[in-house]
Amino acid sequence: MNIIHRLLLTACLVLPLAACQDDEQTQQVEKAPMTAPTDGDSAQWRAYLSDLVPRHMEGIQNQPYIYLVPDDGVADFEGQYERLEEKARTDVARGIVRGNMLAYAGPDSNRVADMVVSAFEGVPAKSMNGVRVLFIGDAADSARVEQAVTPAGVEYVFVEK
């Protein structure tokens, strides 16, 4: 009888420790970040953004606003670009509240930067405190985007593609 009690006590103590060790091992494995697509394939860009944007969501409570500027080689590029630019302007103009993130990306960094600058024209100073703006593009365009969004009081994050 004494042996049975010892075996049961040992099992009760060992099993929770073994379960904790398995959880730690699975938590340590993290997927390597994807690299930005080199072409304008929208499916590849969506997959890239699905991987990249969540990596910058710390402290963000809401679903991010993602603006993927299409490649200029697609049919009706100008129409798609104008509609997306209008949506970006409208979203920013109606007000983005603390705890949200705006992510801008696309194959043509200059076009993406143009869209961000256009969207933030006329935004009152310090009206977007607690909002994060994620710009995925070329380093050459980052300073222009940062200059356009900083007066609004946002947290600016740049990721070089």
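Residues numbered from 1 in each chain as written. Predicted model: local features only at pLDDT ≥ 70, side-chain atom pairs only at ≥ 80, totals over all residues. Heavy atoms only, no water.

A. Here's a closer look at helix α4 (residues 109-119). Looking only at α4, the buried set comprises Ser109, Val112, Ala113, Met115, Val116, Ser118 and Ala119. Residues of α4 that are buried in the fold lie against β1 (65-68), α3 (77-94), β2 (101-105), β3 (132-137) and α5 (139-149). Among the residues of α4, the N-terminal cap falls to Asp108, whose side-chain oxygen and the backbone nitrogen of Asn110 are separated by 3.2 Å. (Buried < 20%, exposed > 50% of the residue type's maximum accessible area, 1.4 Å probe, protein only. Helix = DSSP H or I, 4+ residues; strand = E, 2+ residues; numbered from the N terminus. Contact = heavy atoms within 4.5 Å. Polar contact = N/O pair within 3.5 Å; in protein donor to acceptor, adjacent residues only side chain to side chain.)

B. Local environment of the pairing of β3. Most of β3 sits inside the fold, with 6 of its 6 residues counted as buried. Where burial is concerned, the two faces of β3 agree: the one with Arg132, Leu134 and Ile136 and the one with Val133, Phe135 and Gly137 are both buried. In this sheet, β3 lies alongside β2 in parallel orientation, the contact comprising 4 bridges. Considered in β3, the bridge of Ala103 is made with Leu134. What joins β2 to β3 is α4, and the crossover it makes is right-handed. (Pairing = 2+ DSSP bridges. Right-handed = clockwise from strand over helix to strand, strands pointing away.)

C. Layout of unusual backbone geometry. Of note in this structure, Asp76 is not a glycine but carries a positive phi near 60 degrees. Non-glycine residue Lys126 carries a positive phi angle of around 60 degrees. The residue Lys126 is located in the loop between α4 and β3 in this model.

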